[in-house]
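# Secondary and tertiary structure notes
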Amino acid sequence: AQSVTQLDSQVPVFEEAPVELRCNYSSSVSVYLFWYVQYPNQGLQLLLKYLSGSTLVKGINGFEAEFNKSQTSFHLRKPSVHISDTAEYFCAVIYHYGGATNKLIFGTGTLLAVQP
Amino acid sequence: DAGVIQSPRHEVTEMGQEVTLRCKPISGHDYLFWYRQTMMRGLELLIYFNNNVPIDDSGMPEDRFSAKMPNASFSTLKIQPSEPRDSAVYFCASTLSSVTGLHEQYFGPGTRLTVT
């Protein structure tokens, strides 16, 4: 079955330290990949996306992610986090077949807890 | 653009009452999605529409749930009768399709439903 795995439910990190949030998807077919962020009591906001082209994708707020097809991964990274980055981060995937419509499948989320 | 608009933002109701959640997608978007978010089950896709037509309602939990999209700028999700286990945050999202399929979805702020 098509799925998205975020192994870490919570990642504590100190301010100004680097962070990596892991995401793996289940299939090697063509995919579109996304990272969304959800701040407390708010909706989901798109951080970045991979549709095609360069495997290193840069997003908002200094985040970036790298698409690794051989490892079916799309890990999110930031070299130096801020207190304001504390939020829930969701990895999401669209499995597509020649342009056919497909659902956005979400991971279970990773809570990034930045400590002073 | 005002983004996806949802109302109400908060709803508290008693078990057995009818609840109606409303969504206005981004103008010009041809897909609309309803999601439910709970601590136990994470983000679940309930139903989605394309050009106002329901495409996949396999995520709708029970017959108590129904969704309509009478026109391109308005959709409702109705629960009748409501039960305490329906308590969750309900999100609406919209997107514009392209020749390569669906890409990122834009989420509304959500409706926090509490059924007592």
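Above this text is the structure in question.
The structure reproduced in this document is the subject of the present report. The numbering scheme is per chain: residues are counted from 1 as the chain's sequence reads. Labels are handed out in written order, letters beginning with A for the chains and numbers beginning with 1 for the ligands. Per-residue local features are limited, in this predicted model, to residues with pLDDT of at least 70; the limit for side-chain atom pairs, both in listing and counting, is 80 or more; totals at the level of whole chains, interfaces and linings are taken over all residues. With hydrogens and water set aside, each side-chain value is computed from the structure's full complement of heavy atoms.

## Considering the pairing of strand 12 (residues 110–115) of chain A
Residues and elements named next belong to chain A.
- The pairing of strand 2 (residues 10–14) with strand 12 spans five bridges and is classified as parallel. Bridged to Pro12 within strand 12 is Ala113.
- Only when DSSP finds a minimum of two bridges between them are two strands counted as paired. Counting from the N terminus, the helices are the DSSP runs of H or I reaching at least four residues and the strands are the DSSP runs of E reaching at least two. Bridging between strand 10 (residues 87–95) and strand 12 involves three bridges; their strand directions are antiparallel. Each residue of the ladder has a partner; that of Glu88, found in strand 12, is Leu111.

## Details of the interface of chain B and chain A
- Contacts were defined at the residue level, with two residues in contact if any of their heavy atoms lie within 4.5 Å. Listed by partner, the interface residues are 20 residues for chain B and 19 residues for chain A.
- Buried area is a sum: the accessible area each of two parts loses on coming together, probed at 1.4 Å, counted once for each and added. Carbon and sulfur atoms supply 57% of the area that chain B and chain A bury against each other, a total of about 1600 Å² over both sides.
- It is B:Leu43, B:Glu104 and B:Phe107 that lose the most area in chain B upon contact with chain A, and together they represent 29% of the buried surface on that side.
- What counts as a salt bridge is simple: a side-chain nitrogen of Lys or Arg found within 4 Å of a carboxyl oxygen of Asp or Glu. Scanning the region where chain B abuts chain A turns up one salt bridge.
- Between A:Lys49 and B:Glu104 there is a salt bridge, with the nearest N and O atoms lying 2.8 Å from each other.
- Polar contacts, as counted here, are pairs of nitrogen or oxygen atoms within 3.5 Å of one another; within protein the pair requires one atom able to donate a hydrogen and one able to accept it, and residues that are adjacent in sequence qualify only if both atoms are side-chain atoms. There are four residue pairs in polar contact (both at pLDDT 80 or more) connecting chain B and chain A.
- Those elements giving two or more residues to the side of chain B that touches chain A turn out to be strand 4 (31–38) and strand 5 (42–50) of chain B.
- Residue composition of the side of chain B that touches chain A, grouped by class: nine nonpolar, seven polar and four charged. Under the scheme applied here, ten amino acids are nonpolar (Ala, Val, Leu, Ile, Met, Phe, Trp, Tyr, Cys and Pro), four are charged (Asp, Glu, Lys and Arg), and all others, including Gly, are polar.

## Brief notes about the pattern of salt bridges
Residue and element names in this part refer to chain B.
- Applying the stated rule across the entire model yields 14 salt bridges over all chains.
- Here Glu83 makes a salt bridge to Arg64, at a shortest N to O gap of 3.5 Å. Highlighted residues: Glu83 in the loop between strand 8 (74–79) and strand 9 (88–95) and Arg64 in the loop between strand 6 (53–56) and strand 7 (65–71), separated in sequence by 19 residues.
- Three labels apply to residues, based on accessible area from a 1.4 Å probe with only protein chains included: buried if under 20% of the type maximum, exposed if over 50%, partly exposed otherwise in between. Residue Arg64 is classed as buried on the basis of its relative accessible area, which comes to 10%.
- Each of Glu62, Arg64, Glu83, Arg85 and Asp86 takes part in salt bridges that share partners, so that together they form one network.

## Description of the side chain of B:Asp86
- Mapping B:Asp86 onto the fold places it in the loop between strand 8 and strand 9.
- The class for B:Asp86 is buried, based on a relative accessible area of 1%.

## Section: unusual backbone geometry
- Of the consecutive residues B:Ser7 and B:Pro8, the connecting peptide bond is found in the cis state with omega at -10 degrees.
- For B:Pro8, the location among the structural elements is in the loop between strand 1 (5–7) and strand 2 (10–13).
- At A:Thr72, a residue that is not glycine, the phi angle is positive and equals roughly 45 degrees.
- By the secondary structure assignment, A:Thr72 is in the loop between strand 8 (64–68) and strand 9 (73–78).

## With respect to the state of the cysteines
- Disulfide: a pair of cysteine sulfur atoms within 2.5 Å of each other. Inspection of every chain in the model, using the stated rule, returns two disulfides over all chains.
- Note on cysteine connectivity: A:Cys23 is disulfide-linked to A:Cys91, with sulfurs 1.9 Å apart. Its S-S torsion of approximately -65 degrees makes the covalent link between A:Cys23 and A:Cys91 left-handed. Taken as a pair, A:Cys23 in the loop between strand 3 (19–21) and strand 4 (24–25) and A:Cys91 in strand 10 lie far apart in primary sequence, 68 residues in all. We note that A:Cys23, like A:Cys91, is buried.
- The disulfide partner of B:Cys23 is B:Cys92, and the S-S distance across this bridge is 1.8 Å. Judged by the torsion about the S-S bond (-65 degrees), the B:Cys23/B:Cys92 disulfide is left-handed. Separated by 69 residues along the polypeptide, B:Cys23 in strand 3 (residues 19–24) and B:Cys92 in strand 9 bring together distant segments of the chain.
- In this structure B:Cys92 comes out as buried when scored by relative accessible area, which is 0%.

Treat this as a map of the structure, not an account of what it does.
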